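Listed below are the residues making up each chain.
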Amino acid sequence: MKKLRVKCMKCGKEWEKETSVSWGPDDFTSSLCHPCFREVISPIIHKKQLREGNFDCFGKSGDDCDQIQCKYKEWCFHWEETEKGTEPELPTMYSTSSPM
Ligand SMILES: [Zn+2]
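Anyway, here's the lowdown on the structure attached to this text. All values reported here derive from a predicted model rather than from experimental measurement.

## Let's talk about the overall build of the protein chain
Of the regular secondary structure elements, the protein chain holds 3 helices and 3 strands. Within the span of the protein chain, comprising 100 residues, buried residues form 9% of the whole. When contacts within the protein chain are restricted to residue pairs at least 6 apart in sequence, those whose partners lie at least 24 apart make up 27%.

## Some thoughts on helix H1 (residues 34-51)
The terminal C-alpha atoms of H1, which comprises 18 residues, lie 25 Å apart, in line with the 26 Å expected from a rise of 1.5 Å per residue. The largest bend along H1 measures about 30° and falls at isoleucine 41, with the proline proline 43 one to four residues further on. One or two steps after H1, the chain reaches glycine 53, where phi turns positive at roughly 85°.

## Description of the environment of aspartate 56
If you trace the backbone, aspartate 56 turns up in the loop between H1 and helix H2 (73-82). Separated by 14 residues in sequence, aspartate 56 and serine 42 have C-alpha atoms that sit 8.9 Å apart. Setting aside residues no more than four positions away along its own chain, aspartate 56 makes contact with His46, Gln49 and Leu50.

## Section: the environment of cysteine 57
Relative to the helices and strands, cysteine 57 resides in the loop between H1 and H2. As a C-alpha pair, cysteine 57 and histidine 46 span 11 residues in sequence and 6.9 Å in three-dimensional space. Look past the residues within four positions of cysteine 57 in its chain and what remains in contact with it is Gln49, Cys65 and Gln67.

## With respect to the pairing of strand E2 (residues 14-19)
Looking at chain direction, strand E1 (residues 2-8) and E2 are connected through 6 bridges and run antiparallel. When the sheet's bridge partners are listed, lysine 3 is paired in E2 with glutamate 18. Count of turn residues in the E1/E2 antiparallel hairpin: 5 residues, of which glycine 12 carries a positive phi of about 85°.

The rules behind the values
- Residues numbered from 1 in each chain as written.
- Predicted model: local features only at pLDDT ≥ 70, side-chain atom pairs only at ≥ 80, totals over all residues.
- Helix = DSSP H or I, 4+ residues; strand = E, 2+ residues; numbered from the N terminus.
- Buried ≥ 20, exposed ≤ 12 C-beta atoms within 10 Å, placed from the backbone.
- Contact = placed C-beta atoms within 7 Å.
- Expected span 1.5 Å × (residues − 1).
- Bend = angle between axes of the 7 residues up to and from the residue.
- Pairing = 2+ DSSP bridges.

Written out as structure tokens, the structure is:
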């Protein structure tokens, strides 16, 4: 596996991800590290949650989520798992410019 450098576009933190494509030593891709990603995405999801009549609990509840109907629940929990991984996946709702 080749390695591609990834740089957080917010705080500048760098890490590597595995890739099947060949990259030069100077190539890197911009992304967001976990703390920055969470910082960026949380207000957006909170806004959506409130608009949908839920609590703005995304990322706050830990394992004690009782919002069974919440459609962000799995993502919320999945988040805790991915945080132990190496790279956050940017959700489409962040990369697309859908009206909030
Ligand atoms: Zn960062």
